Amino acid sequence: MSGFPLILAFVAAIVLMILAISKWKIHPFLSIMGISLVLGLVAGVPLVNRTAADGAVTPGLANVIGAGFSGTFTSIGIVINLGALIGTILEATGAALKLADMVIRVVGKKRPELAVLLMGWVVSIPVFCDSGFVILNPIRKALVKRTMTSSVAMTVALSAGLYISHVFIPPTPGPIAAASTLGIGDNLLLVMGMGALCSIIPLFVGYFFAKYIGKKVKAGDEACDGETARTYEELVAEFGKLPGGAAALAPIVVPILLMALGSIAAMAGWTGFAYDLCAFLGAPIIALAVGTLFGVVLLAGAKRLNKFYELTNETLKTVGPILFVTAAGGVLGKVIAVSGMVETITANASILEAVGIFFPFLLSAILVIVGLVVRVHMEETPIFRMAQEQKKVVKSPLTEVFRKSWRQVLQATFLVAVTYTLFYTLATWSLAWGTKEQGEGGGNLGFTNQEYLLMLMISICVFALFIVLSCLYADKIGRRRVLTFSSCALVVFAVLFPFLLDGGLVGQKNFFANMVFLCVGFALMGIAFGPIGAFL
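Here the structure is a predicted model, which is why all the values come from computation and not from measurement.

Parameters and conventions
Residues numbered from 1 in each chain as written. Predicted model: local features only at pLDDT ≥ 70, side-chain atom pairs only at ≥ 80, totals over all residues. Heavy atoms only, no water. Helix = DSSP H or I, 4+ residues; strand = E, 2+ residues; numbered from the N terminus. Buried < 20%, exposed > 50% of the residue type's maximum accessible area, 1.4 Å probe, protein only. Contact = heavy atoms within 4.5 Å. Areas by Shrake-Rupley, 256 points an atom, 1.4 Å probe, with all protein chains shown as cover. pLDDT = per-residue confidence, 0-100. Phe/Tyr/Trp six-rings, centres within 6.5 Å; stacked < 30°, edge-to-face > 60°. Patch = residues over 30% accessible without salt bridge, like charges linked within 9 Å, V, L, I, M, F, W, Y side chains within 5 Å. Salt bridge = Lys/Arg side-chain N within 4 Å of Asp/Glu carboxyl O. Core = buried A, V, L, I, M, F, W, Y, C linked by side-chain atoms within 4.5 Å. Disulfide = S-S within 2.5 Å. Expected span 1.5 Å × (residues − 1). Arc of directions from axis to C-beta. Axes fitted to C-alpha atoms, helices over the stretch in contact; angles between N-to-C directions. Parallel < 35°, antiparallel > 145°, perpendicular 65-115°, else oblique. Left-handed = near helix turned anticlockwise from the far one by under 90°. Nonpolar A, V, L, I, M, F, W, Y, C, P; charged D, E, K, R; others polar.

A tally of regular secondary structure across the protein gives 26 helices and two strands. In the protein, buried positions account for 36% of the 536 residues. Taking the contacts inside the protein whose residues are at least 6 apart along the sequence as the reference set, 73% of them involve residues at least 24 apart. Entry remark: accessible area of the protein is about 30100 Å², with carbon and sulfur atoms responsible for 70%.

Put into structure tokens, the structure is as follows:
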């Protein structure tokens, strides 16, 4: 199979896989493996190896499945297992508590939400986020009791910190698998650095949202439910004595330093035995193995070395399902690669080009249909179901809406139109202006697509941050005032921004001027976008 039918078969396979996992409750491993097998058969992947006249071998479906599965284990299997084992050891020896204590000492007890946010962020780097919550939740309870801070705010802050580092920073499975898919799995230090950098904005958002929601939602502290919140001293007593700060940090910091050493040796152009040794120790597998050895030293210091076998066994039980599902995803990727999907899309690029500007709208229409199907099968909220049962749901025909609520319709249309006009100006028009020559309709600013897209990614984070901030201030000073300010600021911005994009004034590749344009524009858009829904 090839051409458009192959693309349809791929789309159908993805839909079936989602249904199998979410609706029919088939385990993700079996769902992905089954869909991979069916897609391979439908796409025409041969059942056994075929050798062409020129000696080229086309792998059979069974070999493709085996290669996809084993390839994933080869690239990330050992790294994930060792990273998870280090986390388990930190949890069992009390080193995770020591790391949390170090964070509290740095941040101070006057900012408990920030303390638990950073505490979760640090602990979840080596420890799975669910285990991290179990470890740190008693500390959260003790801090709530000691500081009289909102229990809701502390819970949200802790959860945010845990999930942010779990999603962005290795050695958790998600970022490792993503790095392997992108071909940078061997440069784990770079992935860790980029993950830490990308987590800064989510940390700000998580902190401010925790502060905000803590004031809006009230809940009785867990101690009121008959469970006594343990103090920090009681938690420490469970371990006898916590390890020292250096010993607690070593299983995490030493692998990072070794990987950094390997990268430095490669960039500096070292040769001979020194380079070989640094490259060997800097390989992620070896670096994490050394970190595991430091973890074993922690176990010995805590006199719990007899539990090492049990801890390893429990870690493998936890990591196993994740690895198998990830490996099944590798199988699906391998089947797609050998089925000719990439070649089909490349060959039909001219068709997509002929469709031109209508292609995004066609794709949007498909997504709208999918969204409609999902919406039809969604359950209503309990309050709305109660209103339906009591026959209190009032029908509002379109003519009635325009007759009675025409002002609100005009307001909504104007606000959304202005907001999305600014969005497309910033995200689409400016990309073409910044990367194309004047003869092509651009501004001759000299940026490459990669450079401009990177600036857009950074400024989008500013957009997300100002959505949260505008919502907070809209609740304090009023939504109408916030929207009025954003509208006036947008008028001023519209007058001034052409000067920031004039190549004759600012010159080529002026990153500062362009980032000012993007960040200020997206900040103003975030201020306008945040309170629109509540205002209407």
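Resuming the write-up.
Detailed reading of the predicted model is not advised wherever pLDDT is low. The pLDDT averaged across the protein works out to 78; a share of 80% of its residues lies at or above 70. Under a pLDDT of 50 for its full length, residues 222-229 has, in the predicted model, 11 contacts with residues more than four places off or in other chains.

Let us look at the packing of aromatic side chains. Applying the stated criterion across every chain yields a total of 13 aromatic pairs. With centroids separated by 5.8 Å and ring planes inclined at 85 degrees, the aromatic side chains of F29 and F324 adopt a geometry described as edge-to-face. Taken as a pair, F29 in helix α2 (residues 28-43) and F324 in helix α15 (residues 308-338) lie far apart in primary sequence, 295 residues in all. Its relative accessible area of 22% is what places F29 among the partly exposed residues.

Time to look at the side chain of N514. With respect to the helices and strands, the residue N514 is situated in helix α25 (residues 511-529). Given the relative accessible area of 1%, N514 is considered buried. In this structure, N514 is in contact with L445, F447, Y452, M455 and L501, ignoring residues within four places of it in sequence.

This part covers a nonpolar patch on the surface. On the surface, V11, V15, L16, L19, W24, I26 and L30 cluster together into a nonpolar patch covering about 620 Å² of accessible area. In terms of residue count, helix α1 (residues 4-22) provides more of the nonpolar patch than any other element does, four residues in total. Checked against the element boundaries, L30 lands in helix α2. Look at L30 and you get exposed, because its relative accessible area is 53%.

Structurally, the position occupied by S486 is in helix α23 (residues 479-500). Not counting chain neighbours up to four residues away, the residues in contact with S486 comprise L524, I527 and A528.

We now examine the nonpolar core. Nonpolar side chains tend toward joint burial in soluble globular proteins. Counting 23 residues, the largest nonpolar core has Y452, F517, L518 and F522 as its most contacted members. Listing elements by their share of this core, those giving two or more residues are α21 (406-435), α22 (449-477), α23 and α25. Residue contributions to this core peak at seven residues, all from α25. If we ignore the near neighbours within four places in the chain, the residues touching L518 are L426, S430, Y452, M455, L456 and S459.

Below, the discussion takes up the pattern of salt bridges. One pass over the structure, following the stated rule, counts three salt bridges. In this structure, the salt-bridge partner of E113 is K211, at a minimum N-O distance of 4.0 Å. Placement of E113 in helix α5 (residues 112-123) and of K211 in helix α10 (residues 200-216) is noted, with a sequence separation of 98 residues between them. On the accessibility criterion, E113 (8% relative accessible area) is buried. Look at K211 and you get partly exposed, because its relative accessible area is 32%. When the shortest N-O distance is used, the salt bridge between E451 and K509 registers 3.1 Å. With E451 in helix α22 and K509 in the loop between α24 (503-506) and α25, this residue pair connects regions lying 58 residues apart in the sequence. By relative accessible area, which is 36% here, K509 ends up partly exposed.

The full count for this structure, using the stated rule, is zero disulfides. Among the cysteines around C519, which has no disulfide bond, C461 carries the closest sulfur, lying 9.5 Å off.

Attention now moves to unusual backbone geometry. Here the phi dihedral of K25 falls at roughly 60 degrees; this positive angle occurs in a residue that is not glycine. Along the chain, the position of K25 falls in the loop between α1 and α2. Backbone geometry places K303, a non-glycine residue, at a positive phi of 60 degrees. For K303, the location among the structural elements is in the loop between α14 (284-301) and α15. Residue class for K303 comes out exposed when judged on its relative accessible area of 75%.

Another point: α1. The end-to-end C-alpha separation of α1 is 27 Å, in line with the 27 Å expected for 19 residues at 1.5 Å each. Inspection of α1 places L6, A9, A13, M17 and A20 among the buried residues, and these make up the whole buried set. Seen end-on, α1 carries its buried residues on one side only, within an arc spanning 75 degrees.

Take the packing of α5 against helix α7 (residues 151-168) next. α7 packs onto α5 with a crossing angle of 25 degrees between their chain directions and a minimal axis gap of 7 Å. Taken together, the axes of α5 and α7 lie roughly parallel to each other. The two elements α5 and α7 meet at a crossing, and its hand is right-handed. Facing α5, whose interface residues are P112, E113, V116, L117, G120 and W121, α7 presents A153, M154, A157, L158, A160, G161, L162, I164 and S165. Considered class by class, the residues forming the contact of α5 with α7 number 11 nonpolar, three polar and one charged.

Viewed as axis vectors pointing N to C, α2 and α15 meet at an angle of 10 degrees, and their least axial separation amounts to 9 Å. Taken as axis vectors, α2 and α15 run roughly parallel relative to one another. α2 and α15 meet at a crossing whose hand is left-handed. Between α2 and α15, the residues in contact are P28, F29, I32, M33, S36, L39 and G40 and F324, V325, A328, G329, V331, L332, V335 and I336, respectively. Here the contact of α2 with α15 is built from residues that sort into 12 nonpolar, three polar and no charged.

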